[in-house]
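Remarks on the overall topology
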Amino acid sequence: MLTSLELCAGAGGQALGLHWAGFCPVLLIDQDKHACQTLNLNNQAAQLGWGQIHQGCIRELLKQANFGALSLFMGVDLLAAGVPCPPFSIAGQQQGAQDDRDLFPVVLDWVAAVQPKAVLLENVPGLLTAKFAAYRDDLDRRFRTLGYTTYWQVLQASDFGVPQLRPRVLLVALQQPYAAAFTWPTATVAPATVGEVLMDLMAERGWAGAQAWSLGANAIAPTLVGGSKKHGGPDLGPTRAKQAWQKLGVNGHRLADEAPAADFVGDRLGYEAMPYLTVRMAARLQGFPDWWQFSGRKTPAYRQVGNALPPPVAQAVGLKLAQALAIGTAIEAEPTWSGLTQTA
């Protein structure tokens, strides 16, 4: 398999998708203990064969001269990162480089240190607004200085079978000759509706209304939000998001510990009569397989789900990166004929 190093790895949505595309991480780093426990739990349970999983701040780890030997990771095929979104999110103050959570410069320092063949970074669509044009230009300039060609794209998760309206900004940077061979993935499969995806989970405790609910939940989900630690508990986001969930017959004011009981009946009109999602349901809507386990209680578990890059999106981009690396490697291996002379 190709090798990868992942920063801000979270619960492993990006790592899992890249694994499906043929990348095996030699190192994953995240500062959240629950996320690291999730990575360890699944790595062991599924025998994924992933390398080191380290809890810590990528800024501080890079400063520590005794943090292993970065030379061990020199020339890794891919460096990937789920860079924190709050500095660029339209739901926040959009302070960009002035926000101390902006880790793009730190990721670039890691790129300079390990010199991967390819880089994959993901963030929110707010990063592509005119407000951050100068910021993006500076990132492009810094990557060029390090010897990389950059590509920007917005990918919609629903184009890759994820039953959710979830646009993400992807930044790919590659060295030559790999850069010349890279193309973005295109839509692969239409998503199912929320009702189709969650019917069996809603019915697993015998709820008699599951079938009718499934027929009414006849569209894809809005973007899963609520992953921020500023939230007091797990819910499906602000008022506008809750209203979108209500149209699908889901009460977005909190998450449940389990599916509706056999005798579930809302005791009032409106959203109170609607079922809640569980963490497992939210994870399925995010594109995680059902065997993927999340460490921690409901609140930290849902934060991990809400912050994740859907694995099918990461897989689609990962396959294109693997293809570019293979083509570029073949070009490098071609013999050169300059300097040879023909003999009689």
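This text gives an overview of the structure that appears in the document. (Residues numbered from 1 in each chain as written. Predicted model: local features only at pLDDT ≥ 70, side-chain atom pairs only at ≥ 80, totals over all residues. Heavy atoms only, no water.)

A short note on the overall build of the protein
Scanning the protein for helices and strands turns up 11 helices and 7 strands. Put simply, the protein has 344 residues, and 51% of those count as buried. For the protein, long-range pairs separated by at least 24 residues make up 69% of all intrachain contacts whose partners lie at least 6 apart in sequence. When the accessible surface of the protein is totalled, it reaches about 15700 Å², and 53% of it is carbon and sulfur. (Helix = DSSP H or I, 4+ residues; strand = E, 2+ residues; numbered from the N terminus. Buried < 20%, exposed > 50% of the residue type's maximum accessible area, 1.4 Å probe, protein only. Contact = heavy atoms within 4.5 Å. Areas by Shrake-Rupley, 256 points an atom, 1.4 Å probe, with all protein chains shown as cover.)

Brief notes about the pairing of strand 2 (residues 23–30)
Regular strands show a simple pattern: their side chains alternate between the two faces of the sheet. Most of strand 2 sits out of view: 7 of its 8 residues are buried. Assessed by its sense of winding, the connection that carries the chain from strand 1 (residues 2–7) through helix 1 (residues 13–20) to strand 2 is right-handed. Remark: the strand 2/helix 2 (residues 33–45)/strand 3 (residues 52–55) crossover connection has right-handed handedness. (Right-handed = clockwise from strand over helix to strand, strands pointing away.)

A few points about the environment of Leu236
Structurally, the position occupied by Leu236 is in the loop between helix 7 (210–216) and helix 8 (239–247). Assessed through its relative accessible area of 1%, Leu236 is described here as buried. Separated by 11 residues in sequence, Leu236 and Val225 have C-alpha atoms that sit 5.7 Å apart. When sequence neighbours within four positions are dropped, the list of residues in contact with Leu236 reads Leu224, Val225, Ala241, Trp245, Val250, Gly252, Leu255, Leu277 and Tyr302.

Here we look at helix 1
Buried residues dominate helix 1, accounting for 7 of its 8 residues. Of all the residues in helix 1, the buried ones are Gly13, Gln14, Ala15, Leu16, Gly17, Leu18 and His19. In this structure, the buried residues of helix 1 make contact with strand 1, strand 2, strand 4 (78–82), strand 5 (118–123) and helix 11 (311–333).

Some thoughts on the state of the cysteines
Counting across every chain of the model gives 0 disulfides. Here Cys57 is not cross-linked by a disulfide; its sulfur's nearest cysteine counterpart is in Cys8, at 8.2 Å. (Disulfide = S-S within 2.5 Å.)

Structural measurements only, silent on function.
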